Amino acid sequence: MAGSKEIRVKIKSVQNTRKITKAMEMVAASKMRKAQERMRATRPYGEKIRQVTAHLANAHPEYQHSYLVHRESVKSVGFILVTSDKGLCGGLNTNVLRQLTHAMSQWDKQGVKVELVTIGNKGLGFIQRMGGKIIAQVTQLGDTPHLEKLIGPVKVMLDRYANGDIDAVFIAYNRFVNTMKQEPTIEPLLPLAKGQLEEHEKQKTNNAWDYIYEPDPKAVIDELMVRYVEALVYQAVTENIASEQSARMVAMKAASDNAGNVIGELQLIYNKSRQAAITKELSEIVGGAAAV
C-alpha cells in the first residue's frame, strides 16, 4: 500500500484537475448558450434565401443552373469536412470522422476519386495522417465564425464542381439536436436536391411572383445560388460549433464527477493507511511497555 504522503500528493493532484475541469465546464456552458443563439440566428437567413432562390428558379425553368443539374456518371466527389479546432469534447470529432472514412471507402471501392476541404484543425490533422487529398483548408475560426474566412475554401470546391472536375459535393458535420445529443451527419450539397428548393413552392398559394432583374435573370440566379450554398455551409459550421461546446460541457462535467469519485476512493485509502499506521505504533508502544 502506498504511504500516506504519496496518497496525499495524489489527492491534491486530482483536486487540482477537478478545479480545471469544473472551470472548463462552466466556460463551455457559457459558450454553448451563445453558440446556440448564433445557430438559431442564421436559420431565418438560410430559410429566406432558399425561398427566394426557389421562386427565381421556378420563374425561369428554361435556365438550369449547373448546381441543379445531376450528372449521369460520377468520377470524382468532394467532401467539405467540418470539425473542431480543439479537443476535450468527447467523441464528437471521432464520430463524424468515422462516418467520413466509411463514406470515402465506399466511393473508393467504386473507383471514384475523393477530394476534401477541411474546416477545423482536428479534421485537417486526421486527413493528413490518412493521406487524403486536401484541396483547401481553414482553421482557427474561433467561437464566432465569419463567412469571409469560409468563402475562400468553399469557392475552391464550388469552382471545381462548376468546371466539371468534381461531379458531386457532400458536407460532413455534427448536427446539433440538443445539449445531450449531437448527430454526425453527411449530407449532399451539390447538386442541390430539387426537393430542397421546391419545398416552399408546395406551400405557396396563388401569389404571383414578379421580379425586376438587374442586370439580368441569369446573373441574379447565378449569384444567388452561390450565396445559398455558402449559407448552407455556414449553417453547418454554426451547428458544429454548438455541438462542440455542448459535447465539451458534458465531457468536462463527467470528468469532474469522475475526479470526485477518485478523490473519495483515495481519501478512503488514506484513512485506512493512516489508521493502520496508528494501530502499528500503538502495538509497538504496548509491546515495548510489556517487555519492560
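Here, every reference points to the structure presented above.
Note that residues are indexed from 1 along each chain, following the sequence as it is written. Local features are withheld for residues below a pLDDT of 70 in this predicted model, meaning they are given only at 70 or higher, and side-chain atom pairs are given and counted only at 80 or more; totals for whole chains, interfaces and linings count all residues. The basis for every side-chain value is the complete set of heavy atoms in the structure, and neither hydrogens nor water enter the calculation.

If you had to explain the packing of helix H2 (residues 92–109) against helix H3 (residues 121–130) to someone new, which residues and values would you point to?
Between H2 and H3, the least distance of the axes is 11 Å, while the angle of their chain directions is 40°. Considering the angle they form, H2 stands oblique to H3. When the axes of H2 and H3 are compared, the crossing they make is right-handed. Residue-level inspection shows Asn93, Leu97, Leu100, Thr101 and Met104 of H2 in contact with H3, the latter providing Lys122, Gly123, Phe126, Ile127 and Met130. The residue classification treats Ala, Val, Leu, Ile, Met, Phe, Trp, Tyr, Cys and Pro as nonpolar and Asp, Glu, Lys and Arg as charged. All others, Gly included, are polar. A class-by-class count of the residues in the contact of H2 with H3 yields six nonpolar, three polar and one charged. Angles here are taken between N-to-C directions and fall from 0 to 180 degrees, while the axes themselves are lines fitted to C-alpha atoms, restricted in helices to the stretch in contact. Secondary structure elements are defined from DSSP: runs of H or I of at least 4 residues count as helices, runs of E of at least 2 residues count as strands, and each element is numbered from the N terminus. Working rule for angles: under 35 degrees goes down as roughly parallel, over 145 as roughly antiparallel, 65 to 115 as roughly perpendicular, anything else as oblique. With the far helix as reference, a near helix turned anticlockwise by less than a right angle produces a left-handed crossing, and one turned clockwise produces a right-handed crossing. Any pair of residues with heavy atoms lying within 4.5 Å of one another is described as a contacting pair.

Before we move on, can you summarise the packing of helix H4 (residues 147–162) against helix H6 (residues 217–291) with the specific residues and values?
Where H4 contacts H6, the axes come no closer than 10 Å and their chain directions differ by 120°. It follows that H4 is oblique to H6 by the angle criterion. Crossing of H4 over H6 shows right-handed handedness. Within the contact between the two elements, H4 uses Leu147, Leu150, Ile151, Val154 and Leu158 and H6 uses Val226, Val229, Glu230, Val233, Tyr234 and Val237.

Could you give an account of the packing of aromatic side chains, naming the residues involved and the relevant values?
Aromatic ring pairs: the centre-centre distance and the angle between the two ring planes describe each pair. Here is the rule: rings of Phe, Tyr and Trp (six-membered ring for Trp) pair when centre to centre is within 6.5 Å. Planes less than 30 degrees apart are stacked, more than 60 are edge-to-face, and the remainder are tilted. Per the counting criterion, the structure on display carries three aromatic pairs. A ring pair is formed by Trp107 and Phe170, whose centres lie 6.0 Å apart and whose planes are at 45°; its orientation type is tilted. Placement of Trp107 in helix H2 and of Phe170 in strand E4 (residues 168–178) is noted, with a sequence separation of 63 residues between them. Each residue's exposure class comes from its accessible area (1.4 Å probe, protein chains only) as a fraction of the maximum for that residue type: buried when under 20%, exposed when over 50%, partly exposed otherwise. Here Phe170 falls in the buried class, since its relative accessible area comes to 17%.

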